[in-house]
Amino acid sequence: MREVIIIGAGPAGLQAALTLGRMHRTALVIDSGEYRNGPVQHMHNVIADDGTPPAEFRERARRQLAEYATVEFRHGSITRVSPIDGSFEAIFADGTVERSTRVLLATGMADDLPPVPGLAELWGRHAFSCPFCDGHEYAGRRIGVIGGSPRVEHLVKLLKPIVSDIIVFDDGELADEMRSQLETLGASVHSATVESVTDHDNGVRITAGGPVDVDGLFVAAGSARQRAPFAEQLGLTMLDSGAIEIDEFGRTSLPGVSAAGDLAHRAALPGVMAAVMVAATAGQLAAAGLVQELAG
């Protein structure tokens, strides 16, 4: 039986594995092969790895982790995590079981995009949600923003110093006050319903009562949810953001279960920042907390 099972092999899970490996703690990393930034071509805002493809980042991390004898990897999908007699069972889709004294959840969140035809195909290439990760690539260029949620104003404020023009597509749902505020910020508001988005001339063609061409697209609408069912299975305390509540070292409300990455945050914060560096830091903190627990 391992000391820790890490479920998820993105930045949080990989960094947690490295920290545990360096402290000679036994860890099994479960890699389902599904990642929130899977469609993304290049990571950004990652020091020393700005512009690196996420798959290359993960592969390099796994090569480095192979040097640590106490860290193992297993490819597969977990269907259930259960506390059993002071330890935990992780049950795979094929029925096999792995046991550990601690569990670290690092499965991340999944994005539920607005139901716009073509948007999923553009996601991570020409359509994004995070200006910190992808805004700079559109410096001095024209972008579109989809969504009439409260987040649209915040997104416009962040992008305005970077891009040349912003067109907000709101499906006619914005209140007059918000429309006026966006226009004051320098955005133009297009109230026709977005019918589809497609690749066009190394950019995006938005069909909304007629074609509108932009260089890139940001999405203020949509939502994120837990990618895996483990928080619900384990009865963990959740926050209004949809994330798992943790303390400063990633501990959840259930002793023995930690969480790291964009699936969890402290209650004092309004939400998580979905970024590689933040997730990796969370993984390191959670692993440090586990090392302290295991040391007694």
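Values in this document were obtained by computation on a predicted structure and should not be read as measured data. All residue numbers here refer to positions counted from 1 along the written sequence of the relevant chain. Per-residue local features are limited, in this predicted model, to residues with pLDDT of at least 70; the limit for side-chain atom pairs, both in listing and counting, is 80 or more; totals at the level of whole chains, interfaces and linings are taken over all residues. With hydrogens and water set aside, each side-chain value is computed from the structure's full complement of heavy atoms.

K.L.:
Before we go on, may I ask you to explain the pattern of salt bridges in this structure?
P.N.:
Close approach of charged atoms lets side chains of opposite charge pair. Note on definitions: salt bridges are taken to be side-chain nitrogens of Lys or Arg within 4 Å of carboxyl oxygens of Asp or Glu. This model, assessed by the stated rule, comprises 20 salt bridges. Notably, a salt bridge pairs Arg74 with Asp94, separated by 3.6 Å at the nearest N-O pair. Taken together, the positions of Arg74 in strand S3 (residues 71-75) and Asp94 in the loop between strand S5 (87-92) and strand S6 (97-105) put the pair 20 residues apart, joining distant regions of the chain. Note on Asp94: relative accessible area 57%, which makes it exposed. Across the salt bridge formed by Asp213 and Arg205, the nearest N and O atoms sit 2.7 Å from each other. Secondary structure elements are defined from DSSP: runs of H or I of at least 4 residues count as helices, runs of E of at least 2 residues count as strands, and each element is numbered from the N terminus. Exposure classes here rest on a 1.4 Å probe applied to the protein chains alone. A residue is buried below 20% of its type maximum, exposed above 50%, and partly exposed in between.

K.L.:
How should the packing of aromatic side chains be read in this particular structure?
P.N.:
Aromatic ring pairs are described here by two measures, namely the spacing of the ring centres and the angle between the planes. The aromatic pairing rule takes the rings of Phe, Tyr and Trp, using the six-membered ring of Trp, and pairs them if the centres are within 6.5 Å, calling planes under 30 degrees apart stacked, those over 60 edge-to-face and the rest tilted. This structure, assessed with the given rule, holds three aromatic pairs. For the pair Phe128 and Phe218, a centre-to-centre distance of 5.9 Å together with 45° between the ring planes defines the contact as tilted. Remark: Phe218 occurs in strand S15 (residues 216-219) and Phe128 occurs in strand S8 (residues 127-128); sequence separation between them is 90 residues. The exposure class of Phe128 is buried, given its relative accessible area of 7%. On the basis of an interplanar angle of 85° and a centroid distance of 6.2 Å, the ring pair of Tyr138 and Phe218 is categorised as edge-to-face. Pair noted here: Tyr138 is in the loop between helix H4 (131-134) and strand S9 (142-146) and Phe218 is in strand S15, with a separation of 80 residues, a long-range link. This pair shows no difference in class: Tyr138 is buried, exactly as Phe218 is. Here the aromatic cluster, defined as three or more aromatic residues joined through ring pairs, consists of Phe128, Tyr138 and Phe218. Note on criteria: charge over ring means Lys NZ or Arg CZ within 6 Å of the ring centre, with the direction from the centre no more than 35 degrees off the ring normal. When the ring centre of Phe92 is taken as reference, the NZ or CZ atom of Arg74 above it lies at 3.6 Å.

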